[in-house]
Amino acid sequence: MVDAARQAPPPHVLPSPRQVRDALVVGAVVLAAALAGILARPLGLLSDLWPANAVLMGLMLRAPRLAGVSCWSAAFCGFVAADLLTGSALAMTLWLTLANLAGVAVTVGLFQLRPAADRRLARPSSVLVMFAILVLSAAAAGTIGGVAGPVFFAQDLVPSIFNWFTAELVASSIILPVLLTFPRLPVSRPGGLARALHGALRGVTPGALAPAVSVVLATACATLLGGPGAIAFQVPALLWCAVSYRLPVTVVLTMAASLVLTMAGSLGTMNVFPVPDTSAMISFRLGIALLVLGPLMVGSIQAARAELLLELRHAADHDALTGVLGRSAFLRQGQETVAALAREQRPFAVLMFDLDGFKAVNDGQGHAAGDALLRLFARTVQRTLRRGDLIGRLGGDEFVALLPDVDGDEAQARAEQMRRAVADAPPQGDGRDRAPVTASIGLVHSDEGHAFRDDARLRELLLLADKALYRAKHAGRNRVATVRRPLPAM
């Protein structure tokens, strides 16, 4: 065994192709973002808007696998390369890179201690959590990077620390929420991105664009009029967006408006300060960072409210025991589907199910065994359904399914498939009480071309399926009985 251990090959320490690809992507993105920040800064000074740190935070929080050693190393190389390419000294480059990575590390580390919902800003409190983390991150970066002020830029230490702190805080507060909330784009599927954009733009009316237009007008007024109150001009418009749009849209509009104000104030094109100085710029940046919180908080509350309503609707529409549609929800959705199929002269089938021997199981083994049998049946049948099929529980052990776009033979084959799947399910119960699970099925089908009225009613179809089910039960159970004839006008 010792010889075998000595001859064992060394462990695989080289990064995988995916790790190499991830590291190259992270390095390239950091390099591009850092170059953008460097080229936008005043000559000989630090950047007023540094996007690279926020972008790196977003990458590592959206894809936690990127927070590995290879990607951190790639990010370090990206920061260093950007500074060296623009003529910075090596000592200053290494010091500023250390400050940047320290801020990113604080953000990523603290977010990893929080629930995943906070990384999506899925709860109203998530916005405050994010802001608190970004304050700590900016403090870490500012403490380290602020020392570079007196050493490399001839600035006083305290103003340099606050200057770095506010610049870091405003950039991350503006950019990071977009990266955390933006939906994943289906770029891996052919035509996926085009379909996603088409779906997002479909149904957009001029009235729906009014909140976004108001943000543009408010931003224009703020930059043209200036003054100490200019940063508040956008608040009503952004709050309007927060109650009108989904959270990602609100976040993007907030970022765009805040970026315009930040750059206008930094470049001096917006007259905000009576006497421009460092303290005024620090106050201006803090105001922008705090401005972002309002729309984000309202948008997050709206998103949480919409999610809660969806959960309530799902609970109201679905049977609590089996998870399939409840009676009223199935009748409502089924009627809408049948009416649409009838108008378009498309075939469909309605199946009525009844569990054989359910009463004996319920009485002999107890309601817990009966409930387990119902759940097993529902799971088994659901595995055989396609997208667009409906299944619901009418009550007790009676279930019903609606299968659109099936001809008569396919409907018969699908019903037999469901019957066999239920019969092949493991028996329920213990010892001598173990009973096989079977179901009788009544099937009613309408072949394409039969004359329907647009108000075809589902209840009449259920009556026909119930009659077929009655025949299946009396013919020996565990079988499918079919009604295949032109349905009467409804």
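What counts and what doesn't
Residues numbered from 1 in each chain as written. Predicted model: local features only at pLDDT ≥ 70, side-chain atom pairs only at ≥ 80, totals over all residues. Heavy atoms only, no water. Helix = DSSP H or I, 4+ residues; strand = E, 2+ residues; numbered from the N terminus. Expected span 1.5 Å × (residues − 1). Buried < 20%, exposed > 50% of the residue type's maximum accessible area, 1.4 Å probe, protein only. Contact = heavy atoms within 4.5 Å. Phe/Tyr/Trp six-rings, centres within 6.5 Å; stacked < 30°, edge-to-face > 60°. Patch = residues over 30% accessible without salt bridge, like charges linked within 9 Å, V, L, I, M, F, W, Y side chains within 5 Å. Areas by Shrake-Rupley, 256 points an atom, 1.4 Å probe, with all protein chains shown as cover. Salt bridge = Lys/Arg side-chain N within 4 Å of Asp/Glu carboxyl O. pLDDT = per-residue confidence, 0-100. Axes fitted to C-alpha atoms, helices over the stretch in contact; angles between N-to-C directions. Parallel < 35°, antiparallel > 145°, perpendicular 65-115°, else oblique. Left-handed = near helix turned anticlockwise from the far one by under 90°. Nonpolar A, V, L, I, M, F, W, Y, C, P; charged D, E, K, R; others polar.

This paragraph deals with helix H15 (residues 327-343). Between its first and last C-alpha, H15 extends 24 Å over 17 residues, near the 24 Å set by a 1.5 Å rise per residue. The set of residues buried in H15 consists of Ala329, Phe330, Leu331, Gly334, Val338, Ala339, Leu341 and Ala342. Packing partners of the buried residues in H15 comprise helix H14 (278-317), strand S1 (348-355), strand S2 (390-395), strand S3 (398-404) and helix H19 (458-474). At the exit of H15 stands Gln345, carrying a positive phi of roughly 55°.

In this structure the tally under the stated criterion is 3 aromatic pairs. Taken together, a centroid distance of 5.6 Å and an interplanar angle of 70° make the contact between Phe353 and Phe377 edge-to-face. One end of the pair, Phe353, is in strand S1; the other, Phe377, is in helix H17 (residues 367-382), and 24 residues separate them in sequence. Phe377 carries the same exposure label as Phe353, and that label is buried.

Taken together, the side chains of Trp95, Val147, Val151, Phe152, Leu157, Val158 and Phe162 make up a nonpolar region of the molecular surface, amounting to roughly 600 Å² of accessible area. In terms of residues, the nonpolar patch owes the most to one element, helix H9 (residues 157-181), which gives 3 residues. Looking at Val147, the relative accessible area reads 31%, which means it is partly exposed.

In this section: the pattern of salt bridges. Scanning the entire structure with this criterion turns up 13 salt bridges. Between Arg346 and Asp405 there is a salt bridge, and its shortest N-O distance comes to 2.7 Å. Taken together, the residues span a long stretch of sequence, with Arg346 in the loop between H15 and S1 and Asp405 in the loop between S3 and helix H18 (408-423) at a distance of 59 residues. Here Arg346 falls in the partly exposed class, since its relative accessible area comes to 27%. Judged by relative accessible area, Asp405 falls into the partly exposed class, the value being 38%. Here Lys473 ties to Asp356 by a salt bridge, and the two come within 3.0 Å at their closest N and O atoms. Within this pair, whereas Lys473 is found in helix H19, its partner Asp356 is found in the loop between S1 and helix H16 (358-365), the two being separated by 117 residues in sequence. Residue Asp356 is classed as buried on the basis of its relative accessible area of 10%.

Taken over all residues, the pLDDT of the protein has a mean of 84, while the share at 70 or more is 86%. Taken element by element, the protein is modelled with least confidence in helix H1 (residues 2-7), mean pLDDT 50, and with most confidence in helix H3 (residues 52-62), mean pLDDT 95. In this model, residues 448-455 is a region of pLDDT below 50 whose contacts with residues beyond four sequence positions or in other chains number 17 contacts. Long-range and interchain partners of residues 485-490, a stretch whose pLDDT sits below 50, account for 14 contacts in this model, where long-range means more than four residues apart.

Further remarks concern the environment of Arg471. Structurally, the position occupied by Arg471 is in helix H19. Separated by 11 residues in the primary sequence, Arg471 and Thr482 place their C-alpha atoms 9.0 Å from one another. Ignoring sequence-local partners within four residues, the contact set of Arg471 consists of Ala481, Thr482 and Val483.

This part is about the packing of helix H12 (residues 235-244) against helix H13 (residues 247-267). Where H12 contacts H13, the two axes come as close as 8 Å, and the packing angle between them is 165°. When the interaxial angle is binned, H12 and H13 end up roughly antiparallel. Taken as a pair, H12 and H13 cross one another with a handedness that is right-handed. Across the interface between the two elements, Leu238, Cys241 and Ala242 from H12 touch Thr250, Leu253 and Thr254 from H13. Each residue belonging to the contact of H12 with H13 can be placed in one class, and the counts come to 4 nonpolar, 2 polar and no charged.

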